[in-house]
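Next come the chains, spelled out residue by residue.
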Amino acid sequence: EGVAGQIQVSPNPVQDVLSFTLPSSISSVKVMNALGQVMIEKNNVSETLKIDFSALATGTYMVVLLDKNSGAIVRKVQKY
């Protein structure tokens, strides 16, 4: 299971605020659109994180979580 199994993201699909429960090894989170553009970036994140999606357009986003030990973990999130 490892680090990826410890990551909780909800609700998905999201309308306003996306909540994360993260292991302490996660150092940053990026929200990227379908074109690979970084829409939101959070550094030095805590184990409970909230990201406001309300200003983003409807669509599919990739949430890239950077782990200090194992690299990038990607979660797909739908904004409605």
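Residues numbered from 1 in each chain as written. Predicted model: local features only at pLDDT ≥ 70, side-chain atom pairs only at ≥ 80, totals over all residues. Heavy atoms only, no water.

1. Observations concerning the side chain of K79
Turning to its location among the elements, K79 is positioned in strand β7 (residues 71-79). Nearest to the buried, unbridged K79 among oppositely charged side chains is D16, at 5.8 Å. Polar side-chain contacts of K79 include one of 3.4 Å to the backbone oxygen of L56. Among residues more than four places away in sequence, those in contact with K79 are V14, Q15, F53, S54, L56, A57, T58, G59 and Y61. (Helix = DSSP H or I, 4+ residues; strand = E, 2+ residues; numbered from the N terminus. Buried < 20%, exposed > 50% of the residue type's maximum accessible area, 1.4 Å probe, protein only. Lys, Arg positive; Asp, Glu negative; His and termini not counted. Salt bridge = Lys/Arg side-chain N within 4 Å of Asp/Glu carboxyl O. Polar contact = N/O pair within 3.5 Å; in protein donor to acceptor, adjacent residues only side chain to side chain. Contact = heavy atoms within 4.5 Å.)

2. Some remarks on unusual backbone geometry
Here S10 and P11 are connected by a cis peptide whose omega angle stands at -10°. Considering the arrangement of structural elements, one finds P11 in the loop between β1 (8-10) and β2 (17-21). Here the amide bond leading from N12 into P13 is cis, since omega sits at 15°, within 30 degrees of zero. With respect to the helices and strands, P13 occurs in the loop between β1 and β2. A positive phi angle, near 50°, is found at N44, a position not held by glycine. Among the structural elements, N44 can be located in the loop between β4 (38-43) and β5 (48-52). Since its relative accessible area comes to 75%, N44 is described here as exposed.

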